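One letter stands for each residue in the lines below.
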Amino acid sequence: MRGATLTAALLAMALPTTPANAETALIQGKLKDALGQPVAGYPIVLENRTSTAQGWSSNIGFTSAEGEFSISVDQPGNYVAKLPTDPAATASFQVLPDLFINADDPQAARQDIGVILLPKQ
């Protein structure tokens, strides 16, 4: 029983948490291949380049069957959307503090970064 408790405690420490009252913004976009077709099931990582925790991000999501993604971020900054399986396909964008100030309005707390295109293979 002690091993199970220790494992649960370690997992709880490793998982990122967001306080209940924390404001978040939803970053939306779409991933398409070189022919303009949606790409499903692809991982997307949003990395905040102005954060002190550069190189690590809990802002990870996957594209839907339509190639769309929605990923929450919890702080403003200069971001890059990275595709771990294809480093050449990235998109840079800025998340402004105003997006978090208006977080009470679900529509205001969304930012569409448009389409990320996979390069030709």
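Residues numbered from 1 in each chain as written. Predicted model: local features only at pLDDT ≥ 70, side-chain atom pairs only at ≥ 80, totals over all residues. Heavy atoms only, no water.

**Observations regarding the overall build of the chain**
Argument step 1. Each helix and strand counted, the chain has 2 helices and 7 strands in total.
Argument step 2. Secondary structure elements of the chain occur, N-terminal to C-terminal, as α-β-β-β-β-β-β-α-β.
Argument step 3. For the chain, the proportion of its 121 residues judged to be buried stands at 31%.
Argument step 4. Total accessible area on the chain stands at roughly 7,700 Å², and carbon and sulfur atoms take up 55% of it. (Helix = DSSP H or I, 4+ residues; strand = E, 2+ residues; numbered from the N terminus. Buried < 20%, exposed > 50% of the residue type's maximum accessible area, 1.4 Å probe, protein only. Areas by Shrake-Rupley, 256 points an atom, 1.4 Å probe, with all protein chains shown as cover.)

**Side note on the packing of aromatic side chains**
Argument step 1. Summed over all chains, the structure comprises 1 aromatic pair.
Argument step 2. With a centroid separation of 5.6 Å and an interplanar angle of 10 degrees, the aromatic rings of Y79 and F93 are classed as stacked. Here the residue Y79 occupies a position in strand β5 (residues 77-82), and F93 occupies one in strand β6 (residues 90-95), the gap between them amounting to 14 residues. The same class applies to Y79 and to F93, which are both buried. (Phe/Tyr/Trp six-rings, centres within 6.5 Å; stacked < 30°, edge-to-face > 60°.)

**Structural notes on the sheet that holds β6**
Argument step 1. Spatially, 4 strands are ordered β3-β2-β5-β6 in an open sheet, and the strand pairing comes out antiparallel. Edge positions in the open sheet fall to β3 (60-62) and β6, since each of these has one partner strand only. Geometrically, the sheet is characterised by an average inter-axis angle of 25 degrees between neighbouring strands, direction not taken into account.
Argument step 2. Note that strand β2 (residues 43-48) and β3 share 3 bridges and pair antiparallel. Residue I44 lies in a different strand from β3, and its bridge partner there is G61. (Pairing = 2+ DSSP bridges. Axes fitted to C-alpha atoms, helices over the stretch in contact; angles between N-to-C directions.)

**Digging into the pairing of β2**
Argument step 1. Judged by how many residues are buried, β2 sits mostly within the fold: 6 of 6 residues are covered.
Argument step 2. A two-sided burial pattern is seen for β2, the buried positions comprising P43, V45 and E47 on one face and I44, L46 and N48 on the other.
Argument step 3. Pairing geometry for β2 and β5, over 4 bridges, is antiparallel. Residue pairing for β5: E47 is matched across the bridge by V80.

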